[in-house]
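The primary structure of each chain is shown beneath.
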Amino acid sequence: MTEAKQNSDIAALPFEAALKELEAIVAKLERGDVPLEESIDIYTRGEALKARCDALLKQAEARIEKITLGADGKPTGTAPLDVEQ
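Only a predicted model underlies this, so the values are computations on that prediction, with no experimental measurement involved.

1. Comments concerning the overall build of the protein
Per the secondary structure count, the protein includes three helices and two strands. In sequence order, the protein lays out its α and β elements as α-α-α-β-β. The buried share among the 85 residues of the protein stands at 19%. Taking contacts inside the protein between residues at least 6 apart in sequence as the whole, the part at least 24 apart equals 47%. Put simply, the protein shows about 6,500 Å² of open surface, and 57% of that area lies on carbon and sulfur atoms.

In C-alpha cells, the structure reads:
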C-alpha cells in the first residue's frame, strides 16, 4: 500500500481523533518494542497526523474573534484575533 493511500483517511479526521491516534503512535514508539519497518510506517503516519492537527488548529484560530469596545466601554463589534500581540 502506498503512503498516500495509507494516510488518505487523515484528511477527514476531526482534531480529537487525530490527536488521540498521534498520542498512541508516540506511546508505541517510545516503548521501543515495534519492529523497524513498522516504526518507519507509523512515524510517517504520525507526521501526517501532526500536520492535520496543526492545520485544524490554524483554522480554529482564524475563526476566533475578539470583541472590540468603544470609548464608553460598550461592545462595538468584532475584529480578527491578532495572535502576534
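Now, onward.
2. Brief notes about the pattern of salt bridges
Taken as a whole, this structure holds five salt bridges when the rule is applied. Connected via shared salt-bridge partners are Asp 9, Glu 21 and Arg 45.

3. Some details on the environment of Ile 25
For Ile 25, the location among the structural elements is in helix 2 (residues 15–31). Measuring from C-alpha to C-alpha, the distance between Ile 25 and Arg 45 comes to 8.5 Å, with 20 residues separating the pair along the chain. Excluding residues that lie within four positions of it along the chain, Ile 25 makes contacts with Ile 42, Arg 45, Gly 46 and Leu 49.

4. Quick notes on the nonpolar core
The tendency in soluble globular proteins is for nonpolar side chains to be buried as a group. Core analysis: the largest hydrophobic core is formed by nine residues, namely Ile 10, Leu 13, Ala 18, Leu 22, Ile 25, Val 34, Ile 42, Leu 49 and Cys 53. When residues of this core are traced back to their parent elements, those giving at least two are helix 2 and helix 3 (36–63). With sequence-adjacent residues up to four places away left out, Val 34 is seen in contact with Lys 28, Ser 39 and Ile 42.

5. Observations regarding the environment of Asn 7
Locating Asn 7 in the fold gives a position in the loop between helix 1 (3–6) and helix 2. Sequence separation between Asn 7 and Gly 46 is 39 residues; the distance between their C-alpha atoms is 9.6 Å. Every residue in contact with Asn 7, bar those within four places of it in the chain, is listed here: Thr 44, Arg 45 and Ala 48.

Definitions and cut-offs
Per-chain numbering applies: the sequence of each chain, read as written, is numbered from 1 onward. Restriction of local features to residues with pLDDT of at least 70 applies here, the model being predicted, together with a cutoff of 80 or more for giving and counting side-chain atom pairs; totals for whole chains, interfaces and linings are based on all residues. As a rule here, side-chain values come from all non-hydrogen atoms in the structure, and water together with hydrogens is ignored. Under the DSSP-based scheme used, a helix requires at least four consecutive residues in state H or I and a strand at least two consecutive residues in state E, with every element numbered from the N terminus. For the exposure calls, accessible area comes from a 1.4 Å probe over protein chains only, and a residue counts as buried if that area is under 20% of its type's maximum, exposed if over 50%, partly exposed in between. When checking whether two residues touch, look at their non-hydrogen atoms; a contact exists if any pair is within 4.5 Å. For every accessible area listed, the method is Shrake-Rupley and the probe measures 1.4 Å; residues are considered covered only by the protein chains on display. Salt bridges, as used here, are contacts in which a Lys or Arg side-chain nitrogen is within 4 Å of a carboxyl oxygen on Asp or Glu. What is meant by a nonpolar core is a set of buried Ala, Val, Leu, Ile, Met, Phe, Trp, Tyr and Cys residues, joined one to another through side-chain atoms within 4.5 Å.

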